[in-house]
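Residues per chain are reported as follows:
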Amino acid sequence: MNGTIEVNNLKVIAFHGVMEQERIVGNRFEVTVHVDCDFTEAARLDRVDMTVNYAEIVEIIKAEMAQPALLIEAVARRIAISVADRWPGLVTGGMVRVAKIVPPIPGQMDSVAVVYRW
């Protein structure tokens, strides 16, 4: 049973950005992670230890978001690598979306974001 485990729009305050001020005062971010995996046996046996645990994904997101970076592209990549490394052989691919809610650029927009797929 191939499927996707999802964490959608986790709200985080973090200190990412090219501008120095962004790394000082921080910004609001929303992070979405979709992890493709085979959870056939986990579903059949009803065992959380045999699948990707979304609570652990949340902890990975928080840990990676706590490490400042210039680019949200770098943060998205770090999250993807950490998730894949946590469940080797189980994770077959996925997607990480990191959205900066209040970008320091003129114009009306909901956010700016990057999407990293693997």
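1. Focus on the overall build of the protein
A tally of helices and strands in the protein yields four helices and four strands. Secondary structure of the protein in N-to-C order comes out as β-α-β-α-α-α-β-β. Its C-alpha atoms give the protein principal-axis dimensions of about 50 × 25 × 20 Å. When each of the 118 residues of the protein is scored for burial, the buried share is 42%. In the protein, 12 side chains carry a positive charge and 15 a negative one; their mean positions are 4 Å apart.

2. Considering a nonpolar patch on the surface
Taken together, Val-18, Met-19, Leu-70 and Leu-71 make up a surface patch of nonpolar side chains, about 390 Å² in accessible area. Locating Leu-70 in the fold gives a position in the loop between helix H3 (54–65) and helix H4 (72–86). By relative accessible area, Leu-70 is classed as exposed at 52%.

3. Looking at the nonpolar core
Core analysis: the biggest nonpolar cluster contains 31 residues, and Val-52, Ile-57, Ile-61, Met-65, Ile-79 and Val-98 have the highest contact counts within it. No other element matches the six residues that H4 contributes to this core. Look past the residues within four positions of Val-52 in its chain and what remains in contact with it is Ile-5, Val-35, Cys-37, Ile-57, Trp-87, Leu-90 and Val-91.

4. With respect to the side chain of His-16
With respect to the secondary-structure elements, His-16 resides in the loop between strand E1 (2–14) and helix H1 (20–25). Using a relative accessible area of 0% as the deciding quantity, one classes His-16 as buried. At a separation of 3.1 Å, a polar atom in the side chain of His-16 contacts the main-chain amide nitrogen of Ala-69. Beyond its immediate stretch of four places on either side in the chain, His-16 contacts Glu-22, Arg-23, Phe-29, Glu-64, Met-65, Gln-67, Pro-68, Ala-69, Ile-72, Val-75, Arg-78 and Lys-100.

5. Focus: the pattern of salt bridges
Under the counting rule described, the total for this entry stands at seven salt bridges. Two residues, Glu-22 and Lys-100, come together in a salt bridge whose shortest N-O distance is 2.4 Å. With Glu-22 in helix H1 and Lys-100 in strand E3 (residues 91–100), the pair connects residues that are 78 residues apart, well separated along the chain. As far as burial versus exposure is concerned, Glu-22 and Lys-100 are alike and both buried. The salt bridge involving Arg-86 is made with Glu-56; its shortest N-O contact spans 2.7 Å. One end of the pair, Arg-86, is in helix H4; the other, Glu-56, is in helix H3, and 30 residues separate them in sequence.

6. Some points on the sheet that holds strand E2 (residues 27–38)
Sheet architecture is open: four strands sit in the order E1-E2-E3-E4, paired in antiparallel fashion. Two strands in the sheet have a free side with no partner beyond their single neighbour: E1 and strand E4 (112–117). Across the sheet, the mean angle from the axis of one strand to that of its neighbour is 10°, orientation sign disregarded. Alignment of E3 against E4, held across six bridges, turns out to be antiparallel.

7. Focus on the environment of Leu-45
On the secondary structure map, Leu-45 appears in helix H2 (residues 40–45). A residue is classified by how much of its surface remains accessible, and Leu-45, at 37% relative accessible area, is partly exposed.

8. Here's the deal with the environment of Ala-63
Of note, Ala-63 is situated in helix H3. With relative accessibility at 42%, the residue Ala-63 sits in the partly exposed group. Considered as a pair, Ala-63 and Cys-37 are 26 residues apart in the sequence and their alpha carbons are 22 Å apart.

Analysis parameters
- In this convention, every chain numbers its residues from 1, walking through the sequence in written order.
- In view of the model being predicted, local features appear only for residues whose pLDDT reaches at least 70, and side-chain atom pairs are presented and counted only at 80 or more, with totals across whole chains, interfaces and linings using the full set of residues.
- Only hydrogens and water are removed before side-chain values are computed, so all heavy atoms of the structure are retained for them.
- A run of DSSP states H or I qualifies as a helix once it reaches four residues; a run of E qualifies as a strand once it reaches two. Both are numbered from the N-terminal end.
- Each residue is assigned to one of three classes by its accessible area relative to the maximum for its type, calculated with a 1.4 Å probe on protein chains only: buried under 20%, partly exposed between the two thresholds, exposed over 50%.
- We score Asp and Glu as negative and Lys and Arg as positive, and we do not count His or the chain ends.
- Charge positions come from single atoms, namely NZ of Lys, CZ of Arg, CG of Asp or CD of Glu.
- Note on patches: the residues involved have over 30% relative accessible area and no salt bridge, like charges join within 9 Å, and the nonpolar side chains Val, Leu, Ile, Met, Phe, Trp and Tyr join within 5 Å.
- Throughout, the Shrake-Rupley method with a 1.4 Å probe supplies accessible areas, and for residues the shown protein chains are the sole cover considered.
- The salt bridge criterion pairs a side-chain nitrogen of Lys or Arg with a carboxyl oxygen of Asp or Glu, the two atoms within 4 Å.
- To qualify as a nonpolar core, a set must consist of buried Ala, Val, Leu, Ile, Met, Phe, Trp, Tyr and Cys residues joined through side-chain atoms within 4.5 Å.
- Contact between two residues is taken to exist if any of their heavy atoms lie within 4.5 Å; hydrogens are not considered.
- The definition of a polar contact used here is a pair of N or O atoms within 3.5 Å, where within protein one atom must be able to donate a hydrogen and the other to accept one, and adjacent residues in sequence count solely through side-chain atom pairs.
- Pairing between two strands requires that DSSP report at least two bridges joining them.
- Only the stretch in contact is used when a helix axis is fitted, and all axes are lines through C-alpha atoms; the angle between N-to-C directions ranges over 0 to 180 degrees.

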